[in-house]
Amino acid sequence: MINVALLSKWHVHAEDYARQAENSKELSIKLVWDENMERGQKWAERLGVPFESDLETVLSNPDIDAVIVSTPTNLHTEVILVAAQHKKHIFTEKVLALSSKEVNAIFAGVEEANVQLMVSLPRLTESYYLYAQEVVDKGLLGKLTTVRCRLAHNGAVSTDEHPKGWLPEHFFNREQCGGGALIDLGAHPIYLTNRLAGDVEAVMARLQNTQSDEVDDNAVVIVEYKSGALGIIETGFLSAGSPFQLELYGTEGALLIEDDQIRIKSVHQDKKSWMEPKELPASLPMPMEQWIRAIENGAVPAITNQDVFQLTLINQAAALSTKEGRRVELTEIK
């Protein structure tokens, strides 16, 4: 059994991670810590475990094997590095950190401590992504020229029930979040597009502050890949009814994914018309399950440090591109 401490309920996915831990046969939630004492105490009471207000006390507890970090993003580096120093395995919400320098510091700290780090990038485990990767790897689209990925919701749209939208107010706090829609929801299109298109050359971005004074709530990023392909990443908190879309275009075919609908057209198929795949690859284990396997037997996760590093790097480049109104090469980001 892996004894776990939950570190903060700040992020909207904290409850999801607690639920996954509760449903796991290998994990046991033992403690809650939160930078907001009142919030943490209520959460601990609901989970039926003790609340501890001092982070050092939590991390120095020899009975705690691992931590699930859902703190404000700007606290990730501090909290994760201290957890690693105490030899705790770490599961955390994306993004790992706000700068590539901090990401590298975390990687170094985790390696030195010989603990397992997992960042939750769940769409890399989904069958539709695995199918798209298979299509690209088999060359069914020929030379990949364009990947477009859109993921948006209405979290900042005013309703009678939620005048400022259903997202928590702190999701619009630049200091805590490091950004808005792109760094949060846009993370998924970023890491999916990167996986499919390869190494990144440069970025052009527009992060729009439509309703929020502090952070972007609508964003588009154009990514130039070293292969010559272009990535178009779209996200936002202002779209009602927006489906998830992943589109791949190449010299010999196209693959269109919209929510649960998948269709492909390729010159390599017997029929040259649009076709639906007969069968999709089986989904991979979710990030938390991959983390557990890595802790228990050293299994190598499908989610890699490169996925994690590039996610932060593109967010940095996109912010700089918007600020200076220009194309930014990734080699400029330190």
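See the structure printed just above.
Here is a short report on the structure shown in this document. Given the structure is predicted, the values throughout are model-derived calculations rather than measurements.

**Description of the sheet that holds strand β13 (residues 328-329)**
Here is step 1 of the chain: On the basis of which strands lie adjacent, the open sheet formed by eight strands has the order β12-β11-β10-β6-β9-β8-β7-β13 and mixed pairing. In the strand order of this sheet, the two ends are held by β12 (261-266) and β13, each with one partner.
Here is step 2 of the chain: Pairing analysis gives six bridges linking strand β6 (residues 144-152) to strand β10 (residues 245-250), with the strands arranged antiparallel. In the strand pairing of β10, L144 is matched with G250.
Here is step 3 of the chain: Sheet strands in contact with helix α9 (residues 187-197) are β6, β7 (200-208), β8 (218-225), β9 (230-236) and β10, and its direction is about 165° off that of β6.
Here is step 4 of the chain: Across the sheet, helix α11 (residues 305-324) touches β7, β8 and β13, and the angle it forms with β7 is around 55°.

**Overview of empty space enclosed by the protein**
Here is step 1 of the chain: Counted according to the given criterion, the structure contains one cavity of 30 Å³ or more.
Here is step 2 of the chain: Taken as a whole, the largest cavity encloses approximately 90 Å³ of empty space.
Here is step 3 of the chain: In this structure, the largest cavity is lined by W10, H11, T73, K94, V95, F171, C177, G179, G180, I183, D184 and F237.

**Details of the pairing of β8**
Here is step 1 of the chain: Burial along β8 is one-sided: the residues A219, V221, V223 and Y225 are buried and none of N218, V220, I222 and E224 is.
Here is step 2 of the chain: Pairing of β7 with β8, which is carried by eight bridges, proceeds in the antiparallel orientation. When the sheet's bridge partners are listed, M204 is paired in β8 with I222.
Here is step 3 of the chain: Here β8 folds back onto β9, and the loop between the two strands holds four residues, one of which, G228, carries a positive phi near 100°.

**A look at the nonpolar core**
Here is step 1 of the chain: Among the nonpolar cores identified, the biggest contains 107 residues, and L7, I90, V203, L246 and L255 are the most heavily contacted of them.
Here is step 2 of the chain: No other element matches α11, which puts seven residues into this core.

**Topic: unusual backbone geometry**
Here is step 1 of the chain: The amide bond that connects K94 to the next residue, V95, takes the cis arrangement and shows omega of -10°.
Here is step 2 of the chain: By the secondary structure assignment, V95 is in the loop between β4 (89-92) and α5 (100-113).
Here is step 3 of the chain: At S8, a position not held by glycine, the phi torsion is positive, near 85°.
Here is step 4 of the chain: Residue placement: S8 occurs in the loop between β1 (2-7) and α1 (14-23).
Here is step 5 of the chain: Looking at S8, the relative accessible area reads 0%, which means it is buried.

**Digging into the packing of α5 against α11**
Here is step 1 of the chain: In the contact formed by α5 and α11, the axes pass within 9 Å of each other and the chain directions differ by 160°. Of the possible angle classes, the one that applies to α5 and α11 is roughly antiparallel. In this structure, α5 meets α11 at a crossing whose hand is right-handed. Where α5 abuts α11, its residues S100, V103, N104 and F107 lie against N305, V308, F309, T312, L313 and Q316.

**Here we look at the packing of aromatic side chains**
Here is step 1 of the chain: Under the counting rule described, the total for this entry stands at five aromatic pairs.
Here is step 2 of the chain: Seen from their ring centres, Y17 and F91 are 5.1 Å apart, and the 70° between their planes marks the pair as edge-to-face. In this pair, Y17 is assigned in helix α1 and F91 in strand β4, connecting sequence segments 74 residues apart.
Here is step 3 of the chain: Residue class for Y17 comes out buried when judged on its relative accessible area of 5%.
Here is step 4 of the chain: Looking at F91, the relative accessible area reads 1%, which means it is buried.
Here is step 5 of the chain: Taken together, the aromatic side chains of Y17, F91 and W291 make up a single cluster linked through ring pairs.
Here is step 6 of the chain: Looking at R263, its charged tip hangs above the ring of W274, at a distance of 4.5 Å from the centre.

What counts and what doesn't
Residues numbered from 1 in each chain as written. Predicted model: local features only at pLDDT ≥ 70, side-chain atom pairs only at ≥ 80, totals over all residues. Heavy atoms only, no water. Pairing = 2+ DSSP bridges. Helix = DSSP H or I, 4+ residues; strand = E, 2+ residues; numbered from the N terminus. Contact = heavy atoms within 4.5 Å. Axes fitted to C-alpha atoms, helices over the stretch in contact; angles between N-to-C directions. 1 Å grid on protein atoms, 1.4 Å probe; cavity = no way out; pocket = protein on both sides within 12 Å on 5 of 7 lines; lining within 4 Å. Points joined across faces, edges and corners; volume = space filled by probe spheres on them. Buried < 20%, exposed > 50% of the residue type's maximum accessible area, 1.4 Å probe, protein only. Core = buried A, V, L, I, M, F, W, Y, C linked by side-chain atoms within 4.5 Å. Parallel < 35°, antiparallel > 145°, perpendicular 65-115°, else oblique. Left-handed = near helix turned anticlockwise from the far one by under 90°. Phe/Tyr/Trp six-rings, centres within 6.5 Å; stacked < 30°, edge-to-face > 60°. Lys NZ or Arg CZ within 6 Å of the ring centre and 35° of its normal.

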